[in-house]
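Examining the three-dimensional arrangement
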Amino acid sequence: RQRLAFLAGVLGQWGLPVKTPAGGFYLWAPVPAGIAGGGWGLAETLAADGGLLVSPGDLYGADGAGFVRIAVVQPMERLEAVADRLSGTSRGAAR
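First, a word on scope: everything that follows refers to the structure included in this document. (Residues numbered from 1 in each chain as written. Predicted model: local features only at pLDDT ≥ 70, side-chain atom pairs only at ≥ 80, totals over all residues. Heavy atoms only, no water.)

1. Considerations on the packing of helix H1 (residues 2-13) against helix H3 (residues 76-87)
Direction vectors running N to C along H1 and H3 enclose 5°, while the axes themselves pass 10 Å from each other. It follows that H1 is roughly parallel to H3 by the angle criterion. Facing Gln2, Arg3, Phe6, Leu7, Val10 and Leu11 of H1, the residues of H3 in contact are Met76, Leu79, Glu80, Val82, Ala83 and Leu86. Class assignment of the residues belonging to the contact of H1 with H3 gives a composition of nine nonpolar, one polar and two charged. (Axes fitted to C-alpha atoms, helices over the stretch in contact; angles between N-to-C directions. Helix = DSSP H or I, 4+ residues; strand = E, 2+ residues; numbered from the N terminus. Parallel < 35°, antiparallel > 145°, perpendicular 65-115°, else oblique. Contact = heavy atoms within 4.5 Å. Nonpolar A, V, L, I, M, F, W, Y, C, P; charged D, E, K, R; others polar.)

2. Some thoughts on the pairing of strand E3 (residues 67-71)
Pairing of strand E1 (residues 26-30) with E3, which is carried by five bridges, proceeds in the antiparallel orientation. Across the sheet, Ala29 pairs through a bridge with Val68, a residue of E3. Both strand E2 (residues 55-56) and E3 contribute to a ladder of two bridges, which runs antiparallel. Counterpart to Pro56 in the pairing with E3 is Val68. (Pairing = 2+ DSSP bridges.)

3. Topic: the side chain of Arg69
Turning to its location among the elements, Arg69 is positioned in strand E3. Here Arg69 occupies a buried position and makes no salt bridge, while the nearest side chain of opposite charge, Asp58, is found at 11 Å. Leaving out residues up to four positions away in the same chain, Arg69 has contacts with Tyr26, Leu27, Trp28, Val54, Ser55 and Tyr60. (Buried < 20%, exposed > 50% of the residue type's maximum accessible area, 1.4 Å probe, protein only. Lys, Arg positive; Asp, Glu negative; His and termini not counted. Salt bridge = Lys/Arg side-chain N within 4 Å of Asp/Glu carboxyl O.)

4. A closer look at the environment of Val54
Along the chain, Val54 falls in the loop between helix H2 (38-50) and E2. Separated by 30 residues in sequence, Val54 and Gly24 have C-alpha atoms that sit 16 Å apart. Residues within four places of Val54 in sequence aside, it is in contact with Ala43, Leu46, Val68, Arg69 and Ile70.

5. Here we look at the sheet that holds E3
Neighbouring strands of a sheet are bound in pairs by backbone hydrogen bonds; such pairs are parallel or else antiparallel. If you walk across this open sheet you meet the three strands as E1-E3-E2, and the pairing is antiparallel. Of all the strands in the sheet, just E1 and E2 have a single pairing partner and so form its edges. Of the strands in this sheet, E1 and E3 touch H1, which is tilted by about 15° from E1. Contacts from H2 reach E1, E2 and E3, with the element oriented near 40° to E3.

Right under this line is the structure:
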């Protein structure tokens, strides 16, 4: 729960509001308007800017389109590194 809440807060500060799940260890983040390439584009931006590897939601079916799925399975030290990287960037809406 601590890691889920932490990463959800980091993403929210980055301009990507995410709700923490009632169970499980996945965050589903909606793709904001203006992100070229939808979930694939957001996945690319998060990897490039934060070193955060996520899955485009459409890999999981039509209901996942418009989202990315984030498995929060890394230790807190790695999530803190993602937070540090993302704090120096703005959301890549123009990409």
